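Next come the chains, spelled out residue by residue.
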Amino acid sequence: MIEDEEVDLVLNDLFEIYGYDFTNYARASLKRRINRLFTLDRFPSFAEFRYRLKSDADYLKHVVEGLTVTVTEMFRDPLFYKTLRTEVVPTLSAKPFIRIWHAGCATGEEVYSMAILLKEANLLHKSLLYATDLNPEALEKARRGIFPMAQMKLYSENYIESGGKQDFSSYYTAQYGQVKFEDKLAEKMIFSTHNLVSDRSFNEFDLVLCRNVLIYFDKDLQDRTLRLFDESIGKLGYLALGSKETLNFSTIKPKYKQLNKEKIWRKIS
């Protein structure tokens, strides 16, 4: 079992050697994940775990993957996507060009969901979806657009519940227990590593989505990240968060109006 002082050493190594700053992530969650890695990878001692982390670049990737959350699904929380479909996407149609940022996109399921929404609104041709994550392995999976066939029944149900009217299977081809989503969706996506802790705003967006990432940050880092999003959202743009996340205690709250009970806010000043 790794103790708090040892967690501090791991976080310090990740920052000093590799530049990954996890120091403002929620501590209990980080400690749980580090202990999980330590147990699953069967290290006889903390010293050996730390040595491997400091000396093996491939193992570092494995640790970063273990510390960054990549749990996601297509059209997750279908009522959220229904609100996007009916209240947000139509207001974007008047724009000559639409820019959307998926921050903490994990393996890309939600980016493909958004591309499908835009395609069905006949807006994908004039849209660009920026998908960023700290985890390069997750981004590589997202870039490929290949997902397990076993998930498609759930994703299809989510899609229909979100207001989708097409045959969901028309968006992908199936082969050997996996599906590949059509290239026309991916053509409008730009995948890139971006660290919400240390990197800055890189464009002006009409919609920023960052769902179920802030819950893993402490309060200071949450507020810093929300200010980064505020800098990145254009006038009357939108910010979408996860079901357990809120603007309520942030310094940017007065500039935003919540649309409805779904976690979507519009920038009003």
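Look a little higher up for the structure.
Residues numbered from 1 in each chain as written. Predicted model: local features only at pLDDT ≥ 70, side-chain atom pairs only at ≥ 80, totals over all residues. Heavy atoms only, no water.

Attention now moves to the sheet that holds strand β5 (residues 178-181). Pairing within the open sheet is antiparallel, and its three strands lie in the order β3-β5-β4. What marks the edges here is a single partner per strand, and that holds for β3 (146-148) and β4 (172-175). Looking at each pair of strands side by side, their axes are set apart by 30° on average, direction ignored. Where β3 lies against β5, three bridges are found, and the strand directions are antiparallel. Across the sheet, Ile 146 pairs through a bridge with Lys 180, a residue of β5. (Pairing = 2+ DSSP bridges. Helix = DSSP H or I, 4+ residues; strand = E, 2+ residues; numbered from the N terminus. Axes fitted to C-alpha atoms, helices over the stretch in contact; angles between N-to-C directions.)

Moving on, we come to the packing of aromatic side chains. Two descriptors summarise a pair of aromatic rings, namely the distance from one centre to the other and the angle between the planes of the rings. Summed over the entire model, instances satisfying the criterion amount to 28 aromatic pairs. Their ring planes at 85° and their centres at 5.2 Å tell us that Phe 80 and Tyr 81 sit as a pair that is edge-to-face. Given the relative accessible area of 1%, Phe 80 is considered buried. For Tyr 81, a relative accessible area of 0% translates into the label buried. One aromatic cluster in this structure is built from Phe 75, Phe 80, Tyr 81, Tyr 112, Phe 147, Tyr 159, Phe 168, Tyr 171, Tyr 172 and Phe 181. We note Arg 211 situated over the ring of Phe 80; from NZ or CZ to the ring centre the distance is 3.7 Å. (Phe/Tyr/Trp six-rings, centres within 6.5 Å; stacked < 30°, edge-to-face > 60°. Buried < 20%, exposed > 50% of the residue type's maximum accessible area, 1.4 Å probe, protein only. Lys NZ or Arg CZ within 6 Å of the ring centre and 35° of its normal.)

Before going further, it helps to examine the sheet that holds strand β9 (residues 256-258). Strands sit in the order β6-β2-β1-β7-β8-β10-β9 across an open sheet of seven strands; the sheet is mixed. Each edge of the open sheet is held by one strand with a lone partner, namely β6 (189-193) and β9. With direction set aside, neighbouring strand axes in the sheet form an average angle of 20°. Inspection of the sheet shows strand β1 (residues 98-103) paired to strand β7 (residues 205-210) by three bridges, in the parallel sense. If you follow Ile 100 over to β7, its bridge partner there is Leu 207. Helix-sheet contacts for helix α5 (residues 78-92) involve β1, β7, β8 (233-241) and β10 (264-267), and the interaxial angle to β8 is about 170°. Seen against the sheet, helix α10 (residues 219-232) touches β1, β7, β8, β9 and β10 and runs at an angle of roughly 140° to β8. (Contact = heavy atoms within 4.5 Å.)

For helix α2 (residues 27-40), built from 14 residues, the straight-helix expectation of 20 Å at 1.5 Å per residue is met to within 8% by its first-to-last C-alpha distance of 20 Å. Among the residues of α2, those classed as buried are Ser 29, Leu 30, Lys 31, Arg 33, Ile 34, Asn 35, Leu 37 and Phe 38. Looking at the packing, one finds that the buried side of α2 touches α1 (4-18), α3 (46-55) and α4 (57-67). Two residues or fewer after α2 comes Arg 42, characterised by a positive phi angle close to 55°. (Expected span 1.5 Å × (residues − 1).)

This is a description of form; function is not addressed.
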